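What follows is each chain in one-letter form.
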Amino acid sequence: MDINAILAQIDTEISNVNSPESLEHFRLKYLGRKGLLTQLTSTISGIAKEERPVFGQQVNSLKNKLLSLIEEKQKAISVSSKQQKLEPWDIGMPGIAQELGRLHPLTQVTDEICSIFKRMGFSVVEGPEIETEYNNFTGLNIPLEHPSREAFDTFYLKDYPKMLLRSHTSPVQIRVMQSRKPPLAVVVPGRVYRPDAVDASHSFMFHQVEGFMVDEGIKFSDLKGILEVFAKTIFGKNIKMRFRPHFFPFTEPSAEVDISCIICKGKGCSVCGRKGWLEILGSGMIHPNVFKHVNIDFKKYTGFAFGMGVERIAMLKYGINDIRLFYENDLRFLKQF
Ligand code: DAH
């Protein structure tokens, strides 16, 4: 038997060993009682005396090589079986639950407001947050030097003095009336911006829903009916409503709408400032000057409009006392909705 040939053979054989069973098979083949090494040793009697020491050394080193190969392989196999145990394929393990996200409370309230109006036949339209001065003011009958412009204090864009961040969602009235013919029934949700100092009830950015309806024969009583359905759906059947005369440049007559305080039911408390009433929106009959700006015949058509702050509605609905909570992304707050 040629020892060199055996050496070459065991190298290839050991590389194919990859389980405890095949390793044992390998060990028995070479080192077992009837293994190759025993057979080799027994041939020593047939070898010339002076060659025996060399042969003996070769057999010994073959044995050592086999022993160390087997030891190495044993380690490798036990490491890989431990790794297999660590693999995440234990189908008996409980799953890792993914936390479900949810809509922001302002998105929820915006959706709720819009869906109430959608059920009454309104469609939802959105407009850009960067507006022209014309759509935000002039078209809505708010002239350049009119003091009422101050009520809608505005961020102007530095390099485009006639462009601004809209201070209300009312400019979408102009966009819709310019591009569509009556009959119209539209609600407009969206962000608006005003350079107000931030405190518990003010933010430089907040959300509004504007609404309007234009057709032949639309009356103030239609406005009252629609807003009553809205207020009772969102705040509960038992609330009372009142229309308080007010001024808005884009409506005539105009009114602010109050609901009976949902905390004290009208008796007077700290939330309603002892008045028993809470203001929820502004409204009125669309001013003829607005119709003139969009080429709608104001002798044929009439319409109403209203606008509300989503934060305010959400704060009243859920008893939230600080507007900043909506913008801080604090999960302890957001998870309550
Ligand atoms: N645009 C008004 C605001 O931002 C809200 C408003 C009042 C809208 C009366 C209207 C309206 O359409 O008729 O305060």
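Residues numbered from 1 in each chain as written. Predicted model: local features only at pLDDT ≥ 70, side-chain atom pairs only at ≥ 80, totals over all residues. Heavy atoms only, no water.

Peer 1: Help me understand the overall build of the chain, please; the structure alone is not making it clear to me.
Peer 2: In terms of helices and strands, the chain carries 12 helices and 10 strands. Relative to the compact-globule value of 20 Å for 337 residues, the chain shows a C-alpha radius of gyration of 42 Å, a clear excess of over 25%. When its C-alpha atoms are laid out on the principal axes, the chain stretches across 130 × 50 × 40 Å. In the chain, which comprises 337 residues, the proportion classed as buried is 41%. Long-range pairs, those at least 24 residues apart, make up 65% of the contacts in the chain with a sequence separation of at least 6. Summed over all atoms, the accessible surface of the chain reaches about 19,700 Å², with 54% contributed by carbon and sulfur. In the chain, 43 side chains carry a positive charge and 38 a negative one; their mean positions are 5 Å apart. (Helix = DSSP H or I, 4+ residues; strand = E, 2+ residues; numbered from the N terminus. Rg over C-alpha atoms; globule rule 2.2 N^0.38 Å. Buried < 20%, exposed > 50% of the residue type's maximum accessible area, 1.4 Å probe, protein only. Contact = heavy atoms within 4.5 Å. Areas by Shrake-Rupley, 256 points an atom, 1.4 Å probe, with all protein chains shown as cover. Lys, Arg positive; Asp, Glu negative; His and termini not counted. Charge placed at Lys NZ, Arg CZ, Asp CG, Glu CD.)

Peer 1: Would you take a moment to explain helix 11 (residues 310-318) for this structure?
Peer 2: Each full turn of the α-helix corresponds to 3.6 residues, which orients residues three or four apart in the same direction. Among all positions in helix 11, only Val 310, Glu 311, Ile 313, Ala 314, Met 315 and Leu 316 are buried. Looking at the buried positions of helix 11, the neighbouring elements they touch are helix 5 (105-119), strand 6 (205-215), helix 9 (220-235), strand 9 (277-286) and strand 10 (302-309).

Peer 1: I'm lost on the domain arrangement of the chain in this one. Help?
Peer 2: Accessible area lost upon the coming together of the parts serves often as the stated size of an interface. Along its sequence, the chain is carved into domain 1 (3-86) and domain 2 (105-334). The gap between the C-alpha centroids of domain 1 and domain 2 is 89 Å. (Domains from an automatic or database assignment.)

Peer 1: Can you walk me through the sheet that holds strand 10 in this structure?
Peer 2: Hydrogen bonds along the backbone pair up the strands of a sheet, which may run parallel or antiparallel. Strand order in the open sheet made by the seven strands is 1-5-6-10-9-8-7, with mixed pairing throughout. Here the strands that pair on one side only, and so sit at the sheet edges, are strand 1 (123-124) and strand 7 (241-248). Bridge count between strand 9 and strand 10: four bridges; the pairing is antiparallel. Paired with Gly 282 across the bridge in strand 10 is Gly 307. Where helix 5 meets the sheet, its contacts fall on strand 1, strand 5 (184-193), strand 6 and strand 10, and the angle it forms with strand 5 comes to roughly 165°. Of the strands in this sheet, strand 6, strand 9 and strand 10 touch helix 11, which is tilted by about 145° from strand 9. (Pairing = 2+ DSSP bridges. Axes fitted to C-alpha atoms, helices over the stretch in contact; angles between N-to-C directions.)

Peer 1: What is the right way to read the packing of aromatic side chains from this model?
Peer 2: A ring pair, where both rings are aromatic, is described by two values, the distance of the centres and the angle of the planes. Considering all chains together, one arrives at 11 aromatic pairs under this definition. Note on Phe 220 and Phe 243: the rings are 5.7 Å apart at their centroids and 65° apart in plane angle, and the pair reads as edge-to-face. Here Phe 220, found in helix 9, pairs with Phe 243, found in strand 7; they are 23 residues apart in sequence, far enough to count as distant. With a centroid separation of 5.0 Å and an interplanar angle of 75°, the aromatic rings of Tyr 318 and Phe 337 are classed as edge-to-face. Within this pair, whereas Tyr 318 is found in helix 11, its partner Phe 337 is found in the segment after helix 12 (331-334), the two being separated by 19 residues in sequence. The ring of Tyr 318 carries Lys 317 above its face, with NZ or CZ at 5.9 Å from the centroid. (Phe/Tyr/Trp six-rings, centres within 6.5 Å; stacked < 30°, edge-to-face > 60°. Lys NZ or Arg CZ within 6 Å of the ring centre and 35° of its normal.)

Peer 1: Which parts of the structure should I look at to understand helix 9?
Peer 2: With 16 residues, helix 9 ought to run about 22 Å at 1.5 Å a step, and its terminal C-alpha atoms sit 22 Å apart, in line with that. Within the sequence span of helix 9, burial applies to Leu 223, Ile 226, Leu 227, Phe 230, Ala 231, Ile 234 and Phe 235. The buried residues of helix 9 occupy one face: seen down the axis, they fall within an arc of 135°. Of the residues one or two after helix 9, Gly 236 is the one with positive phi, at around 115°. (Expected span 1.5 Å × (residues − 1). Arc of directions from axis to C-beta.)

Peer 1: Looking at this model, I keep getting lost on the UniProt feature "binding site: Mg(2+)" (unreviewed entry) in the chain. Mind explaining?
Peer 2: Under the present numbering, the feature "binding site: Mg(2+)" (unreviewed entry) in UniProt falls on Glu 252. Its location among the elements puts Glu 252 in strand 8 (residues 251-260). Leave out the neighbours within four places in its chain, and Glu 252 touches Met 285 and His 287. (UniProt positions renumbered as here; feature names shortened; annotations may be inferred.)

Peer 1: Could you clarify how one ought to interpret the site of the ligand in this entry?
Peer 2: Contacts to the ligand come from 16 residues, most closely from His 168, Ser 170, Arg 194, Gln 208 and Glu 210. Between the ligand and the protein, one listed contact pairs a nitrogen atom with a side-chain N or O atom of Ser 170 at 3.0 Å. With respect to the ligand, the backbone of Phe 306 contributes an N or O atom lying 3.4 Å from an oxygen atom. Expressed as a share of its isolated accessible area of 350 Å², the protein-covered part of the ligand is 92%. Taken atom by atom, the bulk of the ligand overlaps the largest pocket. Put simply, the parts of the chain that give the shell around the ligand at least two residues each are strand 6, strand 9 and strand 10. (Near = heavy atom within 4 Å. Polar contact = N/O pair within 3.5 Å; in protein donor to acceptor, adjacent residues only side chain to side chain. 1 Å grid on protein atoms, 1.4 Å probe; cavity = no way out; pocket = protein on both sides within 12 Å on 5 of 7 lines; lining within 4 Å. Sits in = over half its atoms within 2 Å of the grid points.)

Peer 1: Explain the nonpolar core to me, please; I cannot follow it from the model alone.
Peer 2: In summary, soluble globular proteins display a tendency toward joint burial of nonpolar side chains. Counting 44 residues, the largest nonpolar core has Ile 113, Phe 117, Phe 230, Ile 280, Phe 304, Phe 306 and Met 308 as the members making the most contacts within it. For this core, the element with the most residues is helix 9, which contributes seven residues. Every residue in contact with Met 308, bar those within four places of it in the chain, is listed here: Ile 113, Phe 117, His 207, Gln 208, Val 209, Phe 230, Ile 280, Leu 281 and Ile 313. Ranked by size, the runner-up nonpolar core spans 24 residues in total, among them Leu 184, Phe 248, Ile 286 and Val 294. (Core = buried A, V, L, I, M, F, W, Y, C linked by side-chain atoms within 4.5 Å.)

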